[in-house]
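Commentary on secondary and tertiary structure
Here is what each chain is made of, one letter per residue.
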Amino acid sequence: MKMSLWKTISLRWEKEELHKWSSLKKTAYLLLPLLVYYAVHDIAEVLLYFPLNMLFTAGGVKVFQFFRQYEYTIRGVVYGAASLIGVAAILPIAKGEIVVPTVHENCNKEKWQIDEKKVTAFVLLAGFAFCIATGINIFFWLAGLTGSSEAYNKVHEMQYGVQFAVGLVLYGIISPLAEEAVFRGILYNRMKRCFNYRIALLVSSLLFGIYHGNLVQAVYGSILGLMIAYFYDQYKSFAAPVLFHGVANVSMYVMNYQYRFDEMDRNEALLAGAVFIAAAVGIFFYIKYRINFEK
C-alpha cells in the first residue's frame, strides 16, 4: 500500500533511505513541516485577531484607549499564542526528530556526580549565550548596523513595547521553544541525514537568520544559529538549544527594555564588547576541552 505524502513527511527516515530519494522528495521532506508551521501560525493569528478587531470596533472610548495603550503587548500575546498553535501542528514530527535521553530510575552516588557535571555544563552554556549575545549586539551598535536599519528599529519598538513580564515569557520561553522545534528539532536534524553536518549547520542557520525578516537580525540570527546548532550536537540534548536561545533573548530583552546601547559611551562600549567576547571565547574553549560529553 502506497504511503501518503504527509505520512511520508511525518516519519523519521534514516540516512540510508533518504539517500535513495530524489532531490524534490528531500526538499519536500525538509520544507513541508516548516510551511505547515507558518501556515497554521498565520491562520491562527488571523483567527485570534478577528474577535479582538470586533471588540475594538464595537467598544467605546475606554476599550479604544486600552487597545492603544497595550497595542504591542496584545500583539505579542497573539503572536505567542499563534506560535504555540503552529508548533502543536508539527509536534508529532518534532517529537520524532528530537532524541530524548533515557532517564534512569536508580540514582546512586556516581549518577549524582554525573548530574552535577551536566548542571555545570548547562550553566556554562547559559554564560556563553549571555556573553556572546551581549558582545555581538554591542559591536553591531558600534558598527552602526542597528541604528541605520529602519526595519530593525520597527521590530525593536514592537518587541520592547510589550509589558515586561509578558516579554520575559514570550522571548524567554515561547519563542525559543517554537523556533528551536522548527529550526533545530526538525530542519537541522533532517538536513544532517539528507546531506551532511556542515551543510546542515550552514543552511539551517541561514534560514533561521532570514526568518527574522530584516538584515540586522538576519546576520545576528545566522551567527547565533551556527552556535546553537553546534552546541546542540555537543550536548546531545534539545534542552541545550532552547536554553541558549532563551538566555540570549532574555539577556537582550532585559538590557534593552529601558536602556539602549546608543546611550553608552563609545569607548566604554568598545571595552565592554571586547570583555564579553573574550569571556565567551574562554567559556567556549573550556566547554570544548574540559567538559566530557561522553558520560
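Where helix 11 (residues 215-235) meets helix 13 (residues 266-290), the axes come as close as 12 Å, and the angle between the chain directions of the two elements is 25 degrees. When the interaxial angle is binned, helix 11 and helix 13 end up roughly parallel. Every pair of crossing elements has a handedness; the one defined by helix 11 and helix 13 is left-handed. Within the contact between the two elements, helix 11 uses Tyr-230, Phe-231 and Tyr-235 and helix 13 uses Phe-284, Ile-287 and Lys-288. Its residues assigned to classes, the contact of helix 11 with helix 13 shows five nonpolar, no polar and one charged.

Attention now goes to the side chain of Glu-97. Structurally, Glu-97 can be placed in helix 5 (residues 71-97). A relative accessible area of 2% means that Glu-97 is categorised as buried. Beyond its immediate stretch of four places on either side in the chain, Glu-97 contacts Leu-11, Arg-12, Tyr-29, Gly-185, Ile-186, Asn-189, Arg-190 and Arg-193.

If you add up the space inside the largest pocket, you get close to 1000 Å³. Around the largest pocket, the lining comprises 39 residues; the ones closest to its centre are Val-155, Gln-159, Tyr-171, His-212 and Gln-217. Sorting the residues of the lining of the largest pocket by element identifies helix 3 (23-58), helix 5, helix 6 (109-142), helix 8 (150-159), helix 9 (164-194), helix 10 (197-211), helix 11 and helix 12 (239-256) as the ones contributing at least two each. Grouping the amino acids of the lining of the largest pocket by side-chain chemistry returns 23 nonpolar, 13 polar and three charged.

Another point: the nonpolar core. Ranked by internal contacts, the top residues of the largest apolar core, which has 35 residues, are Phe-128, Tyr-220, Phe-231, Tyr-235, Phe-244 and Ile-287. If you list the elements that add at least two residues to this core, you get helix 6, helix 9, helix 11, helix 12 and helix 13. Counting residues per element, this core draws most heavily on helix 6, at 11 residues. Leaving out residues up to four positions away in the same chain, Tyr-235 has contacts with Ala-121, Phe-122, Leu-125, Ala-240, Ile-287 and Phe-293. Ala-94, Ala-178, Phe-183 and Ala-200 belong to the second-largest nonpolar core, a separate cluster that totals 28 residues.

Mapped onto the fold, His-245 is located in helix 12. Taking the relative accessible area as the measure of exposure, His-245 reaches 5% and is therefore buried. Residues His-245 and Leu-177, spaced 68 residues apart in sequence, show a C-alpha to C-alpha distance of 8.6 Å. Contact partners of His-245, with chain neighbours within four places excluded, come to Ser-175, Pro-176, Glu-179, Glu-180, Phe-208 and Ile-228. Looking at His-245, its side chain comes within polar contact range of the side chain of Glu-180, at 2.6 Å.

Another aspect to go through is the packing of aromatic side chains. Tallying each qualifying case throughout the model produces 28 aromatic pairs. Summarising the aromatic geometry, the rings of Tyr-171 and Tyr-253 are spaced 5.2 Å apart at their centres and angled 55 degrees between planes, so their arrangement reads as tilted. In this pair, Tyr-171 sits in helix 9 while Tyr-253 sits in helix 12, placing the two residues 82 residues apart along the sequence. For the pair formed by Tyr-171 and Tyr-253, the shared burial category is buried. On the basis of an interplanar angle of 80 degrees and a centroid distance of 5.9 Å, the ring pair of Phe-231 and Phe-284 is categorised as edge-to-face. With a gap of 53 residues between them, Phe-231 in helix 11 and Phe-284 in helix 13 connect regions that are remote in the sequence. The buried category is assigned to Phe-231, whose relative accessible area is 2%.

Looking now at the pattern of salt bridges. Summed over the entire model, instances satisfying the criterion amount to nine salt bridges. Each of Arg-12, Glu-14, Glu-97, Arg-190 and Arg-193 takes part in a single network of salt bridges with overlapping partners.

Phi is positive for Lys-236, which is not a glycine, with a value near 55 degrees. Summarising the element assignment, Lys-236 is placed in the loop between helix 11 and helix 12.

Let's shift gears to the side chain of Ser-175. Considering the arrangement of structural elements, one finds Ser-175 in helix 9. On the basis of relative accessible area, Ser-175 is assigned to the buried category, the value being 6%. Apart from the residues within four sequence positions on either side, Ser-175 is in contact with Tyr-79, Leu-170, Glu-180, His-245 and Asn-249.

On average, residues of the protein score 88 in pLDDT, and 91% of them reach the 70 mark or higher. Averaged over each element, pLDDT in the protein is lowest for helix 7 (residues 145-148) (76) and highest for helix 9 (96). Per-residue pLDDT stays below 50 along residues 100-113; that stretch engages in four contacts with residues further than four places along the chain or on separate chains.

Scoring rules and cut-offs
Residues numbered from 1 in each chain as written. Predicted model: local features only at pLDDT ≥ 70, side-chain atom pairs only at ≥ 80, totals over all residues. Heavy atoms only, no water. Axes fitted to C-alpha atoms, helices over the stretch in contact; angles between N-to-C directions. Helix = DSSP H or I, 4+ residues; strand = E, 2+ residues; numbered from the N terminus. Parallel < 35°, antiparallel > 145°, perpendicular 65-115°, else oblique. Left-handed = near helix turned anticlockwise from the far one by under 90°. Contact = heavy atoms within 4.5 Å. Nonpolar A, V, L, I, M, F, W, Y, C, P; charged D, E, K, R; others polar. Buried < 20%, exposed > 50% of the residue type's maximum accessible area, 1.4 Å probe, protein only. 1 Å grid on protein atoms, 1.4 Å probe; cavity = no way out; pocket = protein on both sides within 12 Å on 5 of 7 lines; lining within 4 Å. Points joined across faces, edges and corners; volume = space filled by probe spheres on them. Core = buried A, V, L, I, M, F, W, Y, C linked by side-chain atoms within 4.5 Å. Polar contact = N/O pair within 3.5 Å; in protein donor to acceptor, adjacent residues only side chain to side chain. Phe/Tyr/Trp six-rings, centres within 6.5 Å; stacked < 30°, edge-to-face > 60°. Salt bridge = Lys/Arg side-chain N within 4 Å of Asp/Glu carboxyl O. pLDDT = per-residue confidence, 0-100.

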